[in-house]
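Below are the chains, spelled out letter by letter.
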Amino acid sequence: MPHEIYPLGLKIAGRLVVVVGGGPVAARRARSLVEAGARVRVIAPDVCEELVVLARVSPSGAVELVARAYGPGDLDGAWLVHTATGSPAVDRQVSDDAERARIFCVTAGDASVGSAWVPAVARTTLTDDAEVTVSVTAGRDPRRSRALRDAVSAALQSGTLPLRRHRPSPESLGRVWLVGGGPGDTGLITARGRTVLAQADVVIIDRLGPRALLHELSPDVEIIDVGKTSGNHPVPQHEINALLIQHAQAGRDVVRLKGGDPYVFGRGGEELAACRAAGIEVEVVPGVTSAVSVPAAVGIPVTHRGVARGFSVLTGHDGAADVPGGPDHTLVLLMGVTHLADTAEALITDDRPADTPAAVVEDGYGPCQRVTVGTLATIAARAAEADVRPPAVIVVGAVVRLSPAWANQAR
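Nothing here was measured: the structure is a model prediction, and the numbers come from that model.

Comments concerning the sheet that holds strand E15 (residues 357-362)
- Spatial strand order, E13-E14-E17-E15-E16: five strands in an open sheet with mixed pairing. Looking at which strands have only one partner, the edges of the open sheet turn out to be strand E13 (310-315) and strand E16 (370-375). Strand after strand, the sheet turns through a mean of 20° between neighbouring axes, direction not considered.
- Across four bridges, the pairing between strand E14 (residues 329-334) and strand E17 (residues 392-396) is antiparallel. Residue Val332 lies in a different strand from E17, and its bridge partner there is Val395.
- Strands in contact with helix H8 (residues 290-297) are E13, E14, E15 and E17; relative to E17, the strand with the most contacts, it is inclined by about 80°.

Overview of a nonpolar patch on the surface
- On the surface, Tyr6, Leu8 and Leu10 cluster together into a nonpolar patch covering about 420 Å² of accessible area.
- Structurally, the position occupied by Tyr6 is in the segment before strand E1 (16-20).

Comments concerning the sheet that holds strand E10 (residues 222-225)
- The five strands lie next to each other as E10-E9-E11-E8-E12, forming an open sheet whose pairing is parallel. Across the chains shown, the open sheet's two edge strands, defined by having one partner strand only, are E10 and strand E12 (281-285). Within this sheet the neighbouring strands show an average axis-to-axis angle of 15°, counted without direction.
- Pairing geometry for strand E9 (residues 202-205) and strand E11 (residues 254-258), over four bridges, is parallel. By the bridge assignment for E11, Ile205 is matched with Leu257.

About the thresholds
Residues numbered from 1 in each chain as written. Predicted model: local features only at pLDDT ≥ 70, side-chain atom pairs only at ≥ 80, totals over all residues. Heavy atoms only, no water. Pairing = 2+ DSSP bridges. Helix = DSSP H or I, 4+ residues; strand = E, 2+ residues; numbered from the N terminus. Axes fitted to C-alpha atoms, helices over the stretch in contact; angles between N-to-C directions. Contact = heavy atoms within 4.5 Å. Patch = residues over 30% accessible without salt bridge, like charges linked within 9 Å, V, L, I, M, F, W, Y side chains within 5 Å. Areas by Shrake-Rupley, 256 points an atom, 1.4 Å probe, with all protein chains shown as cover. Salt bridge = Lys/Arg side-chain N within 4 Å of Asp/Glu carboxyl O.

Structure below.
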């Protein structure tokens with residue numbers, strides 16, 4: 001069986017389109033046509049306020065309002081006609097005149113009368129300023145078309161559809177995105193992060209980035225693993241910077257996918273500076289930092305009214321003992337498991353006594369998530385007894401008592 005319609009995009013910029021009718025439907029059609037650059041002539045005895053405003057705010061000559069009933073010759077010079085009069089007889093007359101003049105006609109009242117249909121449209125502007133336009137026509141069922149359009153639009157915005165370009169320009173530079181992937185759970189990367197990841201030609205990933213997302217990428221996307229572990233940095237930072245520049249200069253779009261946020265101990269600032277110095281366009285896509293999200297995963301807020309008024313975040317080898325504040329100021333330590341015993345001892349001060357609560361959260365949001373609690377006096381021994389392993393986030397302060405683990409584990 002032949003298909004009823006032949007899907008086609010029309011380039012109508014600068015061309016005359018006639019809209020017959022002056023109500024809200026005609027106004028919506030006219031607005032879309034103006035946005036596409038068409039010259040629009042609206043013919044109707046009366047027009048709604050929306051059309052009056054559209055004519056006033058549109059560029060000069062873009063909208064012409066003809067305040068009378070439709071008549072012979074009104075389609076002269078038109079490339080396309082939309083009729084939405086609310087009168088079946090008038091819509092039929094417009095359609096018949098368009099047919100004789102070999103002009104495609106869209107009829108809003110009864111689609112079967114016309115020779116063209118307006119689909120439900122979803123548009124997404126990609127990071128290279130290209131526009132993806134998806135049109136949905138579902139058997140003259142506009143509600144079904146809109147529902148499908150909305151589903152496709154949501155998938156485009158979330159990056160779950162393949163958005164990567166396949167015709168890169170060899171003369172132009174690629175772009176770099178420094179993307180914070182969150183604490184590792186694929187549901188905690190931002191929508192913007194998913195969108196740019198779907199457009200990447202190259203992904204340079206950290207050990208703690210959301211690696212499950214890589215399975216969604218096209219097989220020809222190049223994936224470079226530069227993951228570091230404690231004491232083992234197989235790819236030095238200067239080489240990572242060089243990789244970003246090398247691939248972008250070759251015209252590829254590069255995503256640097258990190259765990260947490262690029263600017264929270266992710267060396268995002270260094271990578272940004274290196275790319276900009278090489279003339280590469282860079283965008284930083286923030287992420288959910290593990291400093292806040294991982295404690296939250298086990299019921300520890302970093303601030304809480306009446307318990308903690310602020311918090312500090314630092315690495316476990318950055319002189320934690322010099323951070324001021326007592327138990328009511330939460331201290332979050334990243335990458336601190338190796339030196340936990342020395343750090344815990346150094347943190348004990350007059351303002352921060354030995355019985356200050358502490359917790360170690362391993363593999364936040366991962367399959368091996370586990371929390372070990374204690375005090376500054378006991379946490380190192382308890383972590384050693386539990387064989388705590390990185391990656392882990394250490395929390396020190398009275399907020400630890402709010403975690404269910406504090407009640408469940410003996411002090």
